[in-house]
Amino acid sequence: MNKLTAKISPSSGPLPITLHLPTPASEKDPEEQNLVEDESDAERPSKRCCTRWPFRAVRRVTCGLILGAFVAVSWAWGTHSAKETLIKHPTPFFIIWFCSIWNILFFPFYYLCHLLTEKQKQLPTTEFRKCSQFLGEELTVRIVLKGAAPFSVLWSLSGYLYLLALCRISKVDVSAVLCCSQAFTFLLSWIGLKDRFMGVRVVAAVLSITGIVMLVYGDGFHSDSITGVALGVGSASTSALFKVLFRMRVGNVHPGPASVLLSCVGLCSFVIHSWVCVLLYFTHVEYWPPSQHIPWDKLCVMASLLLVFNVLVNLGGMFTYPSLISLGILLTIPASAAVDTFVTVTLQISHVRAAAASIISAGYLMLQLPENWDESTLRWLSTLWRGNWREDSVLGEETVGDPAGIARAKPKPAIVALS
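Okay, so let's go over this structure. It should be emphasised that the depicted structure is a prediction, and the values quoted were computed from it without experimental measurement. (Residues numbered from 1 in each chain as written. Predicted model: local features only at pLDDT ≥ 70, side-chain atom pairs only at ≥ 80, totals over all residues. Heavy atoms only, no water.)

**Comments concerning the packing of aromatic side chains**
Here is the rule we go by: Paired rings are identified among Phe, Tyr and Trp, the last through its six-membered ring, by centres lying within 6.5 Å, and are further divided according to the angle between planes into stacked (under 30 degrees), edge-to-face (over 60) and tilted (the rest). Put simply, DSSP marks the helices as runs of H or I at least four residues long and the strands as runs of E at least two long, and each gets a number from the N terminus on. We call a residue buried when its accessible area falls under 20% of the maximum for its residue type, exposed when it is over 50%, and partly exposed in between, using a 1.4 Å probe and counting protein chains only.
Applying the stated rule across the entire model yields 17 aromatic pairs. Taking the centre distance of 5.1 Å and the plane angle of 90° together, the rings of Phe 107 and Phe 128 count as edge-to-face. Remark: Phe 128 occurs in helix H6 (residues 124–131) and Phe 107 occurs in helix H5 (residues 106–117); sequence separation between them is 21 residues. For Phe 107, a relative accessible area of 10% translates into the label buried. Judged by relative accessible area, which is 24%, Phe 128 ranks as partly exposed. With a centroid separation of 6.2 Å and 10° between ring planes, the pair formed by Phe 186 and Trp 190 is classed as stacked. Placement of the pair is Phe 186 and Trp 190 together in helix H9 (residues 181–192), with a separation of 4 residues, close to one helical turn. An aromatic cluster is built from Phe 94, Trp 97, Phe 98, Trp 102, Tyr 281, Phe 282, Tyr 287, Trp 288 and Trp 296, whose rings are joined through pairwise contacts.

**Considerations on the pattern of salt bridges**
Our working rule: A side-chain nitrogen of Lys or Arg and a carboxyl oxygen of Asp or Glu constitute a salt bridge if their distance falls within 4 Å.
Applying the stated criterion across every chain, the model contains 3 salt bridges. The salt bridge involving Glu 84 is made with Lys 298; its shortest N-O contact spans 3.1 Å. In this pair, Glu 84 sits in helix H3 (residues 54–88) while Lys 298 sits in helix H14 (residues 296–315), placing the two residues 214 residues apart along the sequence. The exposure class of Lys 298 is partly exposed, given its relative accessible area of 22%. Among the ionic pairs, Asp 340 bridges to Lys 171, the shortest N-O distance being 2.6 Å. Residue Asp 340 is found in helix H16 (residues 332–344), and its partner Lys 171 is found in helix H8 (residues 171–178); the two are separated by 169 residues along the sequence. By relative accessible area, which is 6% here, Lys 171 ends up buried.

Everything listed here is a matter of coordinates, which is why it stays silent on function.
Take a look at the structure:
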C-alpha cells in the first residue's frame, strides 16, 4: 500500500524551513553555544579588527598631524632666521656649510628613534653597519667620503641656491617653488629610473611649472623676481636630483640608510667643504673683517630648525604615515605667510601670487596620489554600489513585517517530492 510521504529532494535547491522553539541560553549545550559564538565571530572579522587596531591607527594619525605641524613651523621659522642672518652676515656658502655640519647628528637621532620603536634593540655599531651596507662591506673613512661626496656636493649646492633665492624673493615664494621639487623628482624618476607613467602626475608637473611661471609674472617679469625664482627652481631641481641618485644607489628610501647618508654628508661638509669656505674668504668673495661680529646665535637657531625639519621629513615615517609628513611640507607655504604677517609685517601677496601658490599646492597634492589610486577608487565605488544594491534587495524581498513591529525573515518554499 502506497503511502503519501514528503521527502526532501536531493536537488541543489534551498533546504526546507524547520521550526525550532527558542531555547534559553542556560539550557543550551555548552559545545553548541561555543560553536555559535565562533561562527558569529567568523562572520564578523571586521568588528574584531576594529576593536584591535583603532587605537594604533588613531595614535599614528595624531602623531602625524603633530609632526606635520612641526615640519611646517620649523621650516617657516628656519627660513625667517636664514633671511635675518643673510641681512646681518651675507655669506650664503659659509651659512650653508655651517648648517650642513649639523647633519652629523642624523644617525644619533635615528638610533634614538630605533630604541623607542623597535622591540629588539641593537648596539650602535651593529645598527650602523646594517644601515650602511650601500656604502660597501668594509667601512673606512676613505670609502665613506668617496661614497657620500657626490651627495654632499648636491646638498650644499641646493642649500646655496636656496639662500641666494631667499635674498631676492619672499619666503612664501621660496617655499612655493621648493614644493615643486616633488614634480621634478617624478620627472627625473620617470626618465632615469623608468618609473610607471601616470597621467595624473604629468598633469601635476604641468601645474607646478605653470605656478612657477605665474610667480615670475607676479612682479611683471622684474629682474630680481626672475633671478630669484630661477635660483629657487635650481635648488628644487638639485634636491630632486639628490633624491633620484639616492634611489639609484640604495633603492627605496628607508630611514636607516637615509640617516647614515646624511650623517656622512655632514662629515664631508666638515672635511672637504671647509677648504671652499677658506678659499672664498681669502678671495674676498665671502669676506668679513675680523672685527665684524658673526651672529652665532641666529646661525645656531637656523641650523637647529633646519635640522629638525630634515629629521622629521626623513625619520618621521617611523612614527606616522609618510603622507601626513608630506602634508606638513605643503603647509610650509601658509606657515611662511603667517610668519611674514605676524613677525615682519611685510607680507604683500597679489592675486597672481596667490593663484600661483594654489596651483602649485594642487599639483603637489596630485603627486601624493598612489600609483593604483584610480583602480582602488573604482573598486571601492563598485563595492559600495553593489553592497548597497544587494542590501536594499535583501531587505526588500526577504524580510516581512511582523504585526508586533519585529522584522522576520520570509520563509522560502521548500522543494517537496511525492512518492
